[in-house]
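Next come the chains, spelled out residue by residue.
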Amino acid sequence: MAKKTFLTAVLVFISSFMVFSANIGGLSIYSLDEAKNAECAREMLERSDLIVPTFNYQLRTDKPPMHYYFMMVAYKLFGVNEFSARFFSSVFGALTVLVTYLFARRFLGEKVAFLSFIVLVSSLHTALQFHMAVPDPYLIFWINAALFSFFVGFMEKKRLYIYLFYLFMGLGVLTKGPVAVVLPAGIVFLYLFLSRNLTLNSIKFLKPFIGLFIIMAVSLPWYIAVYLKTDGKWVYEFLFKHNIHRFSQPMEGHGGIFLVTFAFVFIGLLPFSIFIFQALKNAWKEKYRPAVMFLLIFAGVYVLFFAISKTKLPNYTVPAYPPLAILIGYFLSRIHLSNIKSLYASVIFYILLTIGVVVGLFIGLKNEPPVSDLAYLSLWFLILTAGGIAGLYFLKKKQFGLSVLSLSVFSVFMSFVFFYIAFPPVDRRNPVMQMLPLIKKESPVRYYRGFNPAFVFYLRKHIKPLTKNQLQPFLLSDRQVYILTRKKALKDFEGLENAYLLKVVKDLFERRSSALVSNRKE
């Protein structure tokens, strides 16, 4: 790698990491997924156990352990805290942008590579995804690194990259299961078929049996170990409940119509997704270019697969963001060949959309009791509107480069404002942050009919359940004790001796409310 390319790659990585790690230590571990993943890694570290994942000291079958391992390393380096839980998510986010940049540069040129980088780091949803202590940031990297490695190896006949393709898929299986092989394999098959490369010589070059061995050598030992240590329970529940059932049935209320997935992608890649239709049209015209065809298939398979899936979440399609970012960057790099006026409608739509976002956020916050007084924070999102207005101004001046730069700079600035200024006051109003100061860590804590998982992460103890018949004996303890519960369950405390309600806080943007009961008033 030439010195200039190396320095540019370092700059791409560092700047991406700065965006994706903004205030990762200053925001609470509150969401259900973050809390369970962060606590699971902490418990595994506490037990020095690399095999069996647990949450609240009970078997957790949701995900394989790769992200737990990275969190455990961070806990050892930086201590158990929010920063550590999220650190490697940000690192893998920056690595994802880096491999996207390097791939685009290799096959479509420096300008496309730089614009692809701009598209990715400008996306607030991308920044949000790589801020979270969940397995998705790791999977997103493995998927993109695998498929980009395949294309480099196949096009340049470099078998080392083919082996990397299998290695990254194996690591993906250790991160989120069979999906890390099923979708990449489908993408590769479809590309070979449509590009008329599905030949015996191609199959021989890809060494599929060696590839299968690599994937199994990387991932199978842990699956065998967890099968043996849990009498098969982990493997059975993971494969059937969290894979087959999740695809065939909506889980945890995350369903929706076919078009929802496309909306997720469009919103997730803002601001530059306003050009996605022009970009896809341009790519379709130039699908004779192998890299363009490959990127179209890559993005198309991912989006269509999760559009068909019964369970729909915005994070499912994020692995498609890098190929889409390259296609958008490819379009933007060639825009001088088109009439700039054709882009006016897209930018005007973006301006109106961002105004709608501000209005929607204001109404949403105003109607959420715990944060209704913070509705003014929605006005920060006018930064995006300002970026759109600046972009439109430069379009009219036919200064297309400055127009793109305006959309990007204002959006990146919005990311920093969001993580450092706009979101922290809202975050501090969540029930976990409101109730933790009331709980003495050395005192026994139990839960009754549900509680927020983040309490386990912050209290760092096993929070055992209570039955209705156990409430009174527990409250009659000589020591101060606490019971975490839900507001709707408070009726079961009526008439109980020493039952004092310390606090009730509505869970942010949810229908339920959390409650804290103790046997003492303070």
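Residues numbered from 1 in each chain as written. Predicted model: local features only at pLDDT ≥ 70, side-chain atom pairs only at ≥ 80, totals over all residues. Heavy atoms only, no water.

Once that is clear, we can look at the overall build of the protein chain. The number of helices and strands found in the protein chain is 22 helices and seven strands. The globule rule puts the C-alpha radius of gyration for 522 residues at 24 Å, and the 25 Å found for the protein chain is close to it. Here the C-alpha coordinates of the protein chain stretch approximately 80 × 55 × 45 Å along the principal axes. Taking all 522 residues of the protein chain together, the buried fraction comes to 56%. Working note: accessible area of the protein chain is about 23100 Å², and carbon and sulfur atoms make up 66% of it. Considering the protein chain, the positive charge centre built from 56 side chains and the negative charge centre built from 26 side chains are found 12 Å apart. (Helix = DSSP H or I, 4+ residues; strand = E, 2+ residues; numbered from the N terminus. Rg over C-alpha atoms; globule rule 2.2 N^0.38 Å. Buried < 20%, exposed > 50% of the residue type's maximum accessible area, 1.4 Å probe, protein only. Areas by Shrake-Rupley, 256 points an atom, 1.4 Å probe, with all protein chains shown as cover. Lys, Arg positive; Asp, Glu negative; His and termini not counted. Charge placed at Lys NZ, Arg CZ, Asp CG, Glu CD.)

This next bit is on the nonpolar core. Among the nonpolar cores identified, the biggest contains 124 residues, and Phe 103, Leu 108, Phe 150, Tyr 191, Phe 272, Phe 275 and Phe 294 are the most heavily contacted of them. By residue number, the principal contributor to this core is helix α7 (residues 136-156), which donates 14 residues. Residues within four places of Phe 272 in sequence aside, it is in contact with Ile 118, Val 119, Ser 122, Ile 328, Leu 332, Val 404, Leu 407 and Ser 408. (Core = buried A, V, L, I, M, F, W, Y, C linked by side-chain atoms within 4.5 Å. Contact = heavy atoms within 4.5 Å.)

With that out of the way, let us pick up the pairing of strand β6 (residues 500-506). Note that β6 and strand β7 (residues 513-518) share six bridges and pair antiparallel. The residue bridging Lys 503 from the neighbouring strand is Leu 516, located in β7. Linking β6 back to β7 in an antiparallel pair, the connection comprises six residues, with Phe 509 at a positive phi of about 60°. (Pairing = 2+ DSSP bridges.)

All right, on to the packing of helix α9 (residues 179-194) against helix α15 (residues 290-308) then. At a closest axis distance of 9 Å, the pairing of α9 and α15 adopts a crossing angle of 135°. As summarised for this structure, α9 and α15 are arranged oblique, according to the angle between their axes. The crossing of α9 and α15 is right-handed. Residues Val 179, Leu 183, Ile 187, Leu 190, Tyr 191 and Leu 194 of α9 pack against Pro 290, Met 293, Phe 294, Ile 297, Phe 298, Val 301, Tyr 302, Phe 305 and Phe 306 of α15. Of the residues in the contact of α9 with α15, the class split is 15 nonpolar, no polar and no charged. (Axes fitted to C-alpha atoms, helices over the stretch in contact; angles between N-to-C directions. Parallel < 35°, antiparallel > 145°, perpendicular 65-115°, else oblique. Left-handed = near helix turned anticlockwise from the far one by under 90°. Nonpolar A, V, L, I, M, F, W, Y, C, P; charged D, E, K, R; others polar.)

Inspection of the entire model under this criterion finds 49 aromatic pairs. Ring centres of Phe 151 and Tyr 191 lie 5.7 Å apart, and the angle between their planes is 65°; this geometry places the pair in the edge-to-face category. Here the residue Phe 151 occupies a position in helix α7, and Tyr 191 occupies one in helix α9, the gap between them amounting to 40 residues. For Tyr 191, a relative accessible area of 1% gives the class buried. For the cation-ring pair, Lys 157 lies above Phe 205, with the distance from its terminal atom to the ring centre recorded as 4.9 Å. The positively charged end of Lys 287 is found above the aromatic ring belonging to Trp 284, 4.2 Å away from the centroid. (Phe/Tyr/Trp six-rings, centres within 6.5 Å; stacked < 30°, edge-to-face > 60°. Lys NZ or Arg CZ within 6 Å of the ring centre and 35° of its normal.)

Moving on: helix α18 (residues 382-396). The terminal C-alpha atoms of α18, which comprises 15 residues, lie 21 Å apart, in line with the 21 Å expected from a rise of 1.5 Å per residue. For α18, the set of buried residues is Ile 383, Leu 384, Thr 385, Gly 387, Gly 388, Ala 390, Gly 391, Leu 392, Phe 394 and Leu 395. Taken together, the buried residues of α18 touch α17 (344-366) and α19 (400-427). (Expected span 1.5 Å × (residues − 1).)

What follows deals with the side chain of Thr 54. Of note, Thr 54 is situated in strand β1 (residues 54-55). Taking the relative accessible area as the measure of exposure, Thr 54 reaches 8% and is therefore buried. One polar contact links Thr 54 to Glu 43, side chain to side chain, over a distance of 2.7 Å. Here Arg 47 takes part through its side chain, which lies 2.7 Å from a polar atom of the side chain of Thr 54. In this structure, Thr 54 is in contact with Glu 39, Cys 40, Glu 43, Arg 47, Leu 59 and Arg 60, ignoring residues within four places of it in sequence. (Polar contact = N/O pair within 3.5 Å; in protein donor to acceptor, adjacent residues only side chain to side chain.)

Of all residues except glycine, most have a negative phi; of all peptide bonds, most are trans. A cis amide bond links Leu 270 with the next residue in sequence, Pro 271, at an omega value of 10°. Locating Pro 271 in the fold gives a position in the loop between α13 (260-268) and α14 (276-285). For Asn 23, which is not glycine, the phi torsion reads 60° and is therefore positive. Here Asn 23 shows up in the loop between α1 (3-20) and α2 (32-47).

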